[in-house]
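So you can see what is in the structure, the chains are spelled out below.
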Amino acid sequence: MDPELKNKTATPSNTDESVQFSHITAVATGWMYDFLFVSLCQHFKEGQLDRFNETLSTVEAICQSPSLKRDTHDEKNMICAFLARVMHGKQLDVLFEDDDCVMPLMSAAKIWSLMKETVEDESLFQNIMKLLLVQSVAVCLEKGQRSSASSAVKWFENNHEFPQNLGVKLSTIVTQRDTYHPLLMSYSFSRLLETIQSFLDVYLKKNPSDYLLKAATKTAQSSQNTETFEDTVTQDVSLLAKANETTEMDAKKKKNTCVRTKRKLLSTKTDVWKPDTCKKPYICLRRISKNELLQLSEKSVDTSKVQKTRKPPQKWTAQLDKNLEDGVKCHGTGKWSRILLDYDFGGRTGTMLKDRWRVLMRANKVG
C-alpha cells in the first residue's frame, strides 16, 4: 500500500488537525461516561436490576480507559458504587468488601459516610444514613438471619457514629425478632429508595450530564417519522395480502367465469418484506401404505364435492405474549415492525401485534 494513502486512512477524516486526537478522545470518553451515569441512575429509579448490572459493567470497563479523566469523575464513581450496593441491598450473599460479614447495605453506609461533602442538605444526609442503619438490620431479620442482624448492629457501633438510643432499639428488635416493629416499618426499604432518588434528582439538576443524552434524543425523535412509515407499509402489505387471498377464492368458485385479478399496487420487489402468512402454501408429501393405495384405487373421489376449509387461526401462546411484552418494553408501543425483527411471531403482521397488545391491555395482563 502507498505510504501516503496509508497515512490518510489512519487519520480520522472529520477532525481539526490543530487539536490532538487524544484530547478529542478524552472529551468523547467523558461524554460516554456521563451518558452511562445518567442511564445507571435511571435504571436505579425504575428498579431494573438486569439493565442496571449491564450498565454498571460498562461503567467499570470505561473507568479503566486511560482517556477518562478520573479526577473529574471521582464523585460520580462514588455514587455508582453506592447505588450498586443499595440495588443489591436485599441480596445478603453478594459481597462488596473483603470482610464476609459486611453485607451490601453496610458497605453502602460506609461509602455514604464518605459522600458528606457531596450532599448539600445535611438533614437528607442524616436521613439516608439512618435508613441504611435500620435496613441493614431489617433485611437480615426479614431473611431469618438473627445472628447477622446482631453482627450488623455491633459493626455499626464500632465503625460509625451510631446514635446510642437507636442502637438500643435495634438490639431490642433483634432480640425479640420483631420484623414488624414500627421503627422498621417507618424506615422501610422502599422509603430508602425514594429518599435516594430524591438525592439523585437534586444531584443531576446541579451537575447536568446529559449532553450525549440530548443529542441521542434529538436523533431518535427525527427517526420516528421513518419508523411510522415502516409500520404503515407493513399494514398496507397485510391488507394487500388479504385482498389477493379473497380474489383467489372467488376465482376457484367461478370456474366458467373469466375474472380479472386486481392489479398489485406494489412491485414484485416488495415480496421480500411480506410476512410469512402472505407466502404461497407448500405441500407436505408422505409415503402411503399399500392398503391406503388400494382404498384410493377402489373409490372414485368426486372432486367437485370436496370443500376446502380455511386453516384455523393460530392461537396466541404464553411465549408469544411474553415476546410481545418484551418487545414493547425494548422498543416502545407502536414499534411493531421493530418487534417483528427481534422475535418469531409465526408469520403475524404488525397489525396483528397491535390488536393483540390491545387485548392484553384490556385484560390488564400488561402494564
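Residues numbered from 1 in each chain as written. Predicted model: local features only at pLDDT ≥ 70, side-chain atom pairs only at ≥ 80, totals over all residues. Heavy atoms only, no water.

Participant: Explanation requested: unusual backbone geometry in the structure shown.
Facilitator: A negative phi angle characterises most non-glycine residues, just as the trans form characterises most peptide bonds. Not every positive phi belongs to a glycine, and Arg 177 is a case in point at roughly 55 degrees. Considering the arrangement of structural elements, one finds Arg 177 in the loop between α8 (164-176) and α9 (182-186). Residue Arg 177 is classed as exposed on the basis of its relative accessible area, which comes to 54%. Positioned with a positive phi, Asn 364 is a non-glycine residue whose angle comes to about 60 degrees. Along the chain, Asn 364 falls in the segment after α15 (350-362). Residue Asn 364 is classed as exposed on the basis of its relative accessible area of 67%. (Helix = DSSP H or I, 4+ residues; strand = E, 2+ residues; numbered from the N terminus. Buried < 20%, exposed > 50% of the residue type's maximum accessible area, 1.4 Å probe, protein only.)

Participant: Explain the side chain of Gln 135 to me, please; I cannot follow it from the model alone.
Facilitator: Looking at where Gln 135 falls in the secondary structure, it is placed in helix α6 (residues 122-142). If we ignore the near neighbours within four places in the chain, the residues touching Gln 135 are Leu 105, Leu 184, Tyr 187, Ser 188, Phe 189 and Leu 192. (Contact = heavy atoms within 4.5 Å.)

Participant: What should I look at first to understand the confidence of the model for the protein in this one?
Facilitator: Regions with low pLDDT carry predicted coordinates that are not meant to be interpreted in detail. Per-residue confidence for the protein gives a mean pLDDT of 77; residues scoring 70 or more make up 69%. Between residues 1-11, whose pLDDT stays under 50, and residues either more than four places distant or in other chains, the model counts one contact. Note on residues 255-285: pLDDT is under 50 here. Beyond four places in sequence and across chains, it has 18 contacts. (pLDDT = per-residue confidence, 0-100.)

Participant: I'm lost on the pattern of salt bridges in this one. Help?
Facilitator: As a working rule, side chains carrying opposite charge can pair if their charged atoms are close by. Going through the model one piece at a time under the given rule, you end up with eight salt bridges. One salt bridge connects Lys 45 with Asp 201, and the closest N-O pair in it is separated by 2.4 Å. Linking Lys 45 in helix α2 (residues 21-46) with Asp 201 in helix α10 (residues 189-206), this pair joins segments that are 156 residues apart in sequence. Residue class for Lys 45 comes out partly exposed when judged on its relative accessible area of 28%. Note that Glu 97 and Lys 110 form a salt bridge whose closest N and O atoms lie 3.7 Å from each other. Placement of the pair is Glu 97 in the loop between α4 (74-87) and α5 (104-112) and Lys 110 in helix α5, with a sequence separation of 13 residues. With relative accessibility at 22%, the residue Glu 97 sits in the partly exposed group. (Salt bridge = Lys/Arg side-chain N within 4 Å of Asp/Glu carboxyl O.)

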